[in-house]
Amino acid sequence: MKRAIRKIEILFFAATLLLSACGGDSAGCDGPALDFSALQQFKKGAKFPGQVSSSKAFLVVPNPIEATKNNQALADSSTTQSALSNFNLADLLNPTRLDTSFLKIRQRGLNDSSSILATASNGKFQYELKDPRYWETMASFAIQSEIAYLEALGFKAVKSRQLVVLVRAQSEGEDTGPNAFYDHGYFAPDQPRTIRLFGEGDFAPGMDADMYRHEMGHFFNESVSGESGFDYAGDAGAYFTQGAAIHEAFADYAAMTIKGQPNVGKWVARSLEGFAPGQPLRSAVDSGSRYLVYQDISYADAQGASPERYAMAEWLTRILWAVRQQFIAERGENGAINADLLMYSALSLLKRDSSVADLRGAMLKADSKLYCGGHTKAIQGEFEKRGFATELAQVTEQMTVSVQPYGVDSNGNATSTIRPGNDVLFGVQIQNVDRVAARNVRVRLESSDRRLIPTTYMQGYGDLAPGQSINVGNGWPLSAAVGATVDSTAPRSSQLKFRLRVLMDNGAAQTIEGTLQL
Amino acid sequence: MMNIAKTLGVFFGIWAVWVAWEFQHSIRSLTSAAEPLQRVASSLPAPQQLSLASPIPQPVRLPQRVDGSAMPSLPEIPVPARFAATAGEAAETFLNEKRAEWGVREYHELRPTTYESPMGTKVKYAAYQDGLPILGSEITLEVTQDRDVTLGENNYQAVKKVDVTQPILEFNQVLERAGRYQLDMSATSGVSKLLYLVPGSDEPELSYSMQVKENGNGPTENLIFRASDGQILGRQVPRAEFRR
């Protein structure tokens, strides 16, 4: 009997080996096993993996324009009212309130009176769209469904701190105009992370799921990358970096892929000048005959208006979206989920202050691990088509660089005198004297003297064409300069050494050393 | 290409069956060889029945020092990282093996945060002293599903111990000195204490991190002020959804 069982065991073992050997080629390259049905439900917010509250939220998702497919839709029009649907909410600590152990949603601040906050009545969170309690409810639903989806894909949200969301963060009576901010709080490790929405009126951002999902996208960028700080320079105040563009692109991508539409901000754009009704804030597909390429958005201009993180982000989402479309073409609706897995797996590989080239490399690596490299050509092809060449000619001639430090007095005025306690900004003039364009030119400030404390330690200036020059402090604003603070304890007349490194993707770094005379 | 892979797969499968069969056969041979010995052993009387010197079994006594106190217990043998049950345990084992090499000070506590993704798990250890985080001093380990652990990044700094009881300003005195900043407590308590390591220094500064608005306007920023005199050491800004 024992021997018979052993033989069966061996046969079973052999059969397993044979099956894995014969079938492994295709099964292993389809990516990890996923519960596509559940993931589709999480995406729609129709289902949650956690404890589902008995209370329902009544919402127009993602916003009145897209829910009604009417670019002229208003918050209180009858078509908008007819687009209201009810949704579940998850993990509520109390079925009548929106708080969870992780998420605290308020209007203006943590000290809001509970009497003004959304409270379920007869199991319903149901308010007029212009009511800030509706915005709270939208925040809860949009954020919870995003967490549910991305966690089910295998990317854990870092909940080591609470997330506080303020749906109208401006002070009473303050007119800030619309916007939204995410703060990951790297410099305050024991404080909650925050999302703050600003703006009221007919097209208040608080009504739009896109706004929360974009901001939550920033949160996931940090979570998924293991808080590597892939745009730490941006956190430290950089005016432009490619890492900042990646951050914005993936925040947009999060909002786009969940709703399955290649745009963000159709609602909030209604209150911005220069946008026609229904025109999105940013789009992951080209409109009309214009095909956006890297060269359109990567070159430094003379004023510091370009490159710009949001323009580069929009260009990047067009690549991400095109790759996503290829997955859909291969695998149908589930292909979008496979694409999301690829995108976020790539993010998880990014290190501090990453570039677009680093992201492309990470996408290829993630594809190799998840899908046996089956999309190498597609990924490289989309970057190439959008003007981001894989093979670059090298810049061999050293750039000409000159540095002009400015002291900043307590009123914020730049002066040529630098005193202890002042901020210092390093104006730089850089010229590319090579015949080859320099890609992703950056300046990084380093200090070996404890009395010179770098604050905005790196700035990106985009690509410099052959012969092109930029002048930060003359043409470009000084807000695009790397900066430091001189310790107030430094004696007058002392000298502080500094080092600037000029970096690029396709050439050797240059080092400029200097001394500040106090 | 696919056919070659499948053929190789079939050959590998057959080879594996053969290896498994041989392995099983060898084990069975060993077991059957041991069977007569087992039978002999079981027929022998139990050891205590043979012992004439100590017919009454003695209680087991732990080794003792001359003064009668118990000897220290044997050191726990660490389980290699690859046999750890969780990624966190594997990382912890690896970290403990590397502590001396990386010069981790005994007054530094390394607190882990775990990040999971389908590409693997990262465990980041942030350095603390006396309960205060040392900003940026951290070690990131990467753990595969097979529990292989590698160093991701090591930004740990074996810096001097800070006297956290040193006299410092109150945070509102710091704000008064800075002049143009107002504390924003709308979403947080607004103020934290931490240790900030200035480049070029080997001793962190006891500091305040504050969420402030400059002249009461604009987005909330995080500033780090040296607690002894209010000197600004660092600045961090939030991300805006679009530029205005």
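Residues numbered from 1 in each chain as written. Chains lettered and ligands numbered in written order. Predicted model: local features only at pLDDT ≥ 70, side-chain atom pairs only at ≥ 80, totals over all residues. Heavy atoms only, no water.

Regarding the confidence of the model for chain B
Residues and elements named next belong to chain B.
No. 1: Confidence along chain B averages 79 in pLDDT terms, with 67% of residues attaining 70 or more.
No. 2: For the stretch residues 24-60, pLDDT sits under 50, and the model shows 5 contacts to residues farther than four places along the chain or on other chains.
No. 3: For this predicted complex, the interface score ipTM comes out at 0.90, while the overall pTM is 0.87. (pLDDT = per-residue confidence, 0-100. Contact = heavy atoms within 4.5 Å.)

Structural notes on the sheet that holds strand E6 (residues 179-183) of chain A
No. 1: The 5 strands lie next to each other as E3(A)-E5(A)-E7(A)-E6(A)-E10(B), forming an open sheet whose pairing is mixed. For this open sheet the edge positions go to strand E3 (103-106) of chain A together with strand E10 (239-240) of chain B, each flanked by a neighbour on one side alone.
No. 2: As judged from the 4 bridges shared by strand E5 (residues 163-166) of chain A and strand E7 (residues 193-198) of chain A, these two strands associate in the parallel manner. The residue of E7(A) that forms the bridge with A:Val165 is A:Ile195. (Pairing = 2+ DSSP bridges. Helix = DSSP H or I, 4+ residues; strand = E, 2+ residues; numbered from the N terminus.)

As for the nonpolar core
No. 1: Core analysis: the largest hydrophobic core is formed by 141 residues, its most contacted members being A:Val165, A:Tyr212, A:Trp315, A:Tyr344 and A:Ile430.
No. 2: At 11 residues, helix H5 (residues 132-152) of chain A tops the list of elements feeding residues into this core.
No. 3: Beyond its immediate sequence surroundings of up to four residues, A:Val165 is in contact with A:Leu103, A:Lys104, A:Ile105, A:Arg106, A:Ala139, A:Ile143, A:Ile195 and A:Tyr212.
No. 4: Grouped together as the second largest cluster of nonpolar side chains are 23 residues, B:Ala87, B:Trp102, B:Val143 and B:Leu195 included. (Core = buried A, V, L, I, M, F, W, Y, C linked by side-chain atoms within 4.5 Å. Buried < 20%, exposed > 50% of the residue type's maximum accessible area, 1.4 Å probe, protein only.)

Some details on the interface of chain A and chain B
No. 1: If you look at the interface, chain A gives 92 residues, while chain B gives 64 residues.
No. 2: Across the chain A/chain B interface, buried area totals approximately 6,600 Å², and carbon plus sulfur atoms make up 54% of it.
No. 3: Counting across the interface, chain A meets chain B through 6 salt bridges.
No. 4: A salt bridge links A:Asp235 to B:Arg239; the nearest nitrogen and oxygen atoms lie 3.4 Å apart.
No. 5: In this assembly, chain A and chain B are joined by 33 residue pairs in polar contact (both at pLDDT 80 or more).
No. 6: For the side of chain A that touches chain B, the leading source of residues is helix H1 (residues 2-27) of chain A, giving 11 residues. (Buried area = accessible area lost by both parts, 1.4 Å probe. Salt bridge = Lys/Arg side-chain N within 4 Å of Asp/Glu carboxyl O. Polar contact = N/O pair within 3.5 Å; in protein donor to acceptor, adjacent residues only side chain to side chain.)

Details of the state of the cysteines
Residues and elements named next belong to chain A.
No. 1: Evaluation of the coordinates by the stated rule reveals 1 disulfide over all chains.
No. 2: The residue that forms a disulfide with Cys-29 is Cys-372, at a sulfur-sulfur distance of 1.9 Å. An S-S torsion of about -90° defines the bridge between Cys-29 and Cys-372 as left-handed. Of the two residues, Cys-29 sits in the loop between H1 and helix H2 (36-44) while Cys-372 sits in the loop between helix H12 (356-371) and helix H13 (376-385), which places them 343 residues apart along the sequence. (Disulfide = S-S within 2.5 Å.)

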